[in-house]
Amino acid sequence: MANILCITSGLTGILNASFELVARLQTEGHQLAYASPAVVGQKVREQGIDYHQLPAILVEPGPELPSFRGPLGKLSRLAYKFRHAAERRRQALAQLRPEEFGRLIETLSPDLLIVDVELHEYIIWAHQHGQPMLLLSQWFSLWNRPGLPYLLHDTIPGQGKEGSPQSIASSWRKIRRRRSWTFWKRKMLSGFTDRRTVLLDFAKEQNFPLELIKDNYWPGPFTYDQLPVISMTAQEMEFPHDLRPNLHYVGPMVRAERKENTPPAIETSIGEVLSASRAEGQSILYCSVSTLHAGDAQFIAKIIEAVRGRSDWSLIIGMGGLLEEKRFGELPSNVHAYSYVPQLKVLAQANLSINHGGIHTINECIHFQVPMLVYSGKRSDQNGCAARVAYHRLGLMADKDVDGPQEIRQKIDTVLKDAQVSEQMAQLHRHYLQYQEERRLQKTVAKLLSKQVEQKTKLLS
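A quick note: this is a predicted structure, and the numbers were derived from the prediction, not measured. (Residues numbered from 1 in each chain as written. Predicted model: local features only at pLDDT ≥ 70, side-chain atom pairs only at ≥ 80, totals over all residues. Heavy atoms only, no water.)

**With respect to the packing of helix H6 (residues 120–128) against helix H8 (residues 195–205)**
Okay, step 1: Their axes nearest at 10 Å, the elements H6 and H8 cross at an angle of 10 degrees. With respect to their mutual orientation, H6 and H8 come out roughly parallel. Judged by residue contacts, His120, Glu121, Ile124 and Trp125 of H6 engage Arg195, Leu199, Phe202 and Ala203 from H8.
Okay, step 2: Partitioning the contact of H6 with H8 into residue classes produces 5 nonpolar, 1 polar and 2 charged. (Axes fitted to C-alpha atoms, helices over the stretch in contact; angles between N-to-C directions. Helix = DSSP H or I, 4+ residues; strand = E, 2+ residues; numbered from the N terminus. Parallel < 35°, antiparallel > 145°, perpendicular 65-115°, else oblique. Contact = heavy atoms within 4.5 Å. Nonpolar A, V, L, I, M, F, W, Y, C, P; charged D, E, K, R; others polar.)

**Observations concerning helix H14 (residues 382–391)**
Okay, step 1: The buried fraction of H14 amounts to 9 of the 10 residues, a majority that puts the element mostly inside the structure.
Okay, step 2: Every buried residue belonging to H14 is among Gln382, Asn383, Gly384, Cys385, Ala386, Ala387, Arg388, Val389 and Ala390, and all of these are buried.
Okay, step 3: Where H14 is buried, its residues touch helix H13 (359–368), strand E14 (372–375) and strand E15 (395–398).
Okay, step 4: Arg393 occupies a position one or two residues after H14 and carries a positive phi of about 55 degrees. (Buried < 20%, exposed > 50% of the residue type's maximum accessible area, 1.4 Å probe, protein only.)

**Side note on the packing of aromatic side chains**
Okay, step 1: Per the counting criterion, the structure on display carries 11 aromatic pairs.
Okay, step 2: With a centroid separation of 5.5 Å and an interplanar angle of 65 degrees, the aromatic rings of Tyr150 and Trp172 are classed as edge-to-face. Here Trp172 lies in helix H7 (residues 165–190) and Tyr150 lies in the loop between strand E5 (133–137) and H7, a separation of 22 residues in the sequence.
Okay, step 3: Owing to a relative accessible area of 10%, Tyr150 belongs among the buried residues under this scheme.
Okay, step 4: Residue Trp172 is classed as buried on the basis of its relative accessible area, which comes to 4%.
Okay, step 5: For the ring pair Phe299 and Tyr375, a centre distance of 4.9 Å and an interplane angle of 55 degrees mean the geometry is tilted. (Phe/Tyr/Trp six-rings, centres within 6.5 Å; stacked < 30°, edge-to-face > 60°.)

**A closer look at the nonpolar core**
Nonpolar side chains in soluble globular proteins generally cluster together in the buried interior.
Okay, step 1: Of all hydrophobic cores here, the largest spans 78 residues; its most connected members are Ile7, Phe101, Leu113, Val115, Leu135, Tyr224 and Ile316.
Okay, step 2: Not counting residues within four places of it along the chain, the set of residues in contact with Ile7 comprises Ala35, Leu54, Phe101, Leu113, Ile114, Val115, Asp116, Leu119 and Tyr122.
Okay, step 3: Listed in part, the 28 residues of the second largest apolar core include Phe19, Tyr51, Leu134 and Leu448. (Core = buried A, V, L, I, M, F, W, Y, C linked by side-chain atoms within 4.5 Å.)

**Observations concerning the sheet that holds strand E4 (residues 112–116)**
Okay, step 1: The strand order E3-E2-E1-E4-E5-E8-E9 describes an open sheet built from 7 strands, whose pairing is parallel. Every interior strand has two partners, whereas the edge strands, strand E3 (50–53) and strand E9 (247–249), have only one. Adjacent strand axes in the sheet meet at a mean angle of 25 degrees, parallel and antiparallel pairs treated alike.
Okay, step 2: Note that strand E1 (residues 3–7) and E4 share 4 bridges and pair parallel. The residue bridging Cys6 from the neighbouring strand is Ile114, located in E4. (Pairing = 2+ DSSP bridges.)

**Considering the sheet that holds E15**
Okay, step 1: Strand order in the open sheet formed by 6 strands is E12-E11-E10-E13-E14-E15, with parallel pairing between adjacent strands. A strand with exactly one partner marks an edge of an open sheet, and here the two such strands are strand E12 (335–338) and E15. Within the sheet, the average angular offset between the axes of one strand and its neighbour, ignoring direction, is 15 degrees.
Okay, step 2: Strand direction decides the pairing type here: E14 and E15, joined by 4 bridges, are parallel. Bridge pairing in E15 links Met372 to Gly395.
Okay, step 3: The strands touched by H13 are strand E10 (283–288), strand E13 (352–355) and E14; relative to E13, the strand with the most contacts, the crossing angle is about 175 degrees.
Okay, step 4: Against the sheet, helix H15 (residues 405–417) touches E10, strand E11 (313–318), E13, E14 and E15, its axis set at about 145 degrees to E14.

**Here's the deal with the environment of Val198**
Okay, step 1: When you line up the elements, Val198 lands in helix H8.
Okay, step 2: Taking the C-alpha atoms as reference points, Val198 and Leu93, 105 residues apart in sequence, are found 5.9 Å from one another.

**Some points on the side chain of His241**
Okay, step 1: Within the secondary structure, His241 sits in the loop between strand E8 (229–231) and E9.
Okay, step 2: Once you skip the residues sitting within four places of it in the chain, His241 turns out to touch Ser141, Arg145, Pro146, Leu148 and Tyr249.

**Structural notes on the packing of H13 against helix H16 (residues 419–437)**
Okay, step 1: Where H13 meets H16, the axes come as close as 8 Å, and the angle between the chain directions of the two elements is 95 degrees. With respect to H16, the element H13 is oriented roughly perpendicular. Facing Cys365, Ile366 and His367 of H13, the residues of H16 in contact are Met425, Leu428, His429 and Tyr432.
Okay, step 2: Considered class by class, the residues forming the contact of H13 with H16 number 5 nonpolar, 2 polar and no charged.

**Let's talk about the pairing of E4**
Every regular strand shows the same layout, with side chains that alternate between the two sheet faces.
Okay, step 1: By the criterion of burial, E4 is predominantly enclosed, with 5 of the 5 residues buried.
Okay, step 2: The side-chain alternation of E4 yields two buried faces, one formed by Leu112, Ile114 and Asp116 and the other by Leu113 and Val115.
Okay, step 3: Direction of pairing for E4 relative to E5: parallel, over a ladder of 4 bridges. When the bridges of E5 are listed, Val115 appears paired with Leu135.
Okay, step 4: Where the polypeptide runs from E4 across H6 and back to E5, its parallel neighbour, the crossover connection is right-handed. (Right-handed = clockwise from strand over helix to strand, strands pointing away.)

**Some thoughts on unusual backbone geometry**
Okay, step 1: Located in the positive-phi region is Ser109, a residue other than glycine, with phi close to 45 degrees.
Okay, step 2: For Ser109, the location among the structural elements is in the loop between helix H5 (99–108) and E4.
Okay, step 3: Even without being a glycine, Asn207 presents a positive backbone phi close to 60 degrees.
Okay, step 4: Looking at the element boundaries, Asn207 is found in the loop between H8 and strand E6 (213–215).
Okay, step 5: In this structure Asn207 comes out as exposed when scored by relative accessible area, which is 62%.

Function cannot be inferred from these measures alone, as they are strictly geometric.
Below, the structure written as structure tokens:
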């Protein structure tokens with residue numbers, strides 16, 4: 001069995017999903033350790049996983065500037081950056097080098113590194129030091145493939161003018177031009193010390209094969225070609241397209257037993273609401289849109305109004321800090337609002353999820369077979385996720401900036417009554433279980449480890 005080190009950014013979604021990934025590999029007999037540049041040690045150790053803290057990732061690796069005041073302050077700062085560009089670039093590279101990461105690898109000597117696709121300095125260092133590695137993605141395909149829309153768009157192949165192959169290809173070209181301009185502008189304004197430029201400097205310093213680096217559209221400065229990637233999504237939920245080689249779908253990773261650390265008062269209250277709703281025969285609607293923009297309080301108000309007077313519905317909604325602001329007045333008796341909701345506990349009994357299109361919420365809906373009404377938050381991959389929900393008839397995709405209470409009410413009714421949505425969800429749930437039963441993750445890891453052993457044997461012979 002192998003000694004494996006898993007490293008992620010530590011953001012909540014990928015952190016929770018990685019707990020299930022680690023658990024499956026531990027069950028296989030592998031020894032797992034975890035590391036992150038985010039301060040998540042307590043959460044990881046609560047899962048019984050060995051943890052190692054790494055320094056924070058430098059989003060802006062450039063050294064600090066002297067203070068420039070007056071009406072010409074901005075111009076003076078820019079001039080200073082270019083006068084001292086070579087030295088500042090050298091300092092930025094020195095700050096970016098992942099020395100603590102290198103020491104951790106030398107100490108643990110892992111047989112395999114599973115590393116978040118966004119942690120580029122680790123990927124570059126590991127590759128050039130011969131460290132066996134799998135890149136870990138929480139998203140659907142990030143790559144420009146024929147017929148595959150950009151993940152940040154809600155385009156559905158074959159639907160409307162935008163869904164034609166020609167329009168999809170044209171869209172990618174436009175995105176590439178915009179991203180190239182954005183990267184060039186950041187490079188100039190930073191005086192060549194923006195994250196992307198310094199990462200490329202590091203790649204060249206390490207003699208990393210630059211042909212492995214692909215122009216990136218999202219997330220971050222670039223992606224990689226050829227390097228093995230595992231995606232914690234279901235291929236059956238993808239759009240049909242020619243897959244990127246060496247991309248392995250290992251299925252959604254949902255740790256149903258994870259500790260949610262719900263405040264006792266909320267835990268008790270939600271338990272009572274769920275029991276009462278079931279006893280009264282109400283459909284339980286769960287709305288998890290608290291991570292939308294602060295300005296979307298108006299959208300939450302529309303959802304509340306949409307369910308008003310519907311005694312056959314019970315709405316549980318997580319509002320985050322918006323609840324304390326008391327913007328919504330007296331709530332209807334069938335609306336139950338909380339600053340925090342234990343999502344897994346509620347989804348286990350919900351009839352419908354109203355969500356913002358986050359991939360981890362979608363995966364948890366698949367786990368519990370909960371149909372969805374997706375109002376994309378229009379950030380990161382949420383549009384692309386919403387489009388896939390609609391394409392595969394797992395629910396409906398709608399626009400939070402267009403729909404009013406009446407439209408929301410109608411769409412809730414539609415999803416709840418649509419037998420095809422329930423059938424499609426049940427079918428995707430079966431595929432989801434298949435990933436576990438077939439041990440797709442474990443087999444992918446075993447296959448890579450076997451290849452690495454063969455390569456080392458050839459080198460030694």
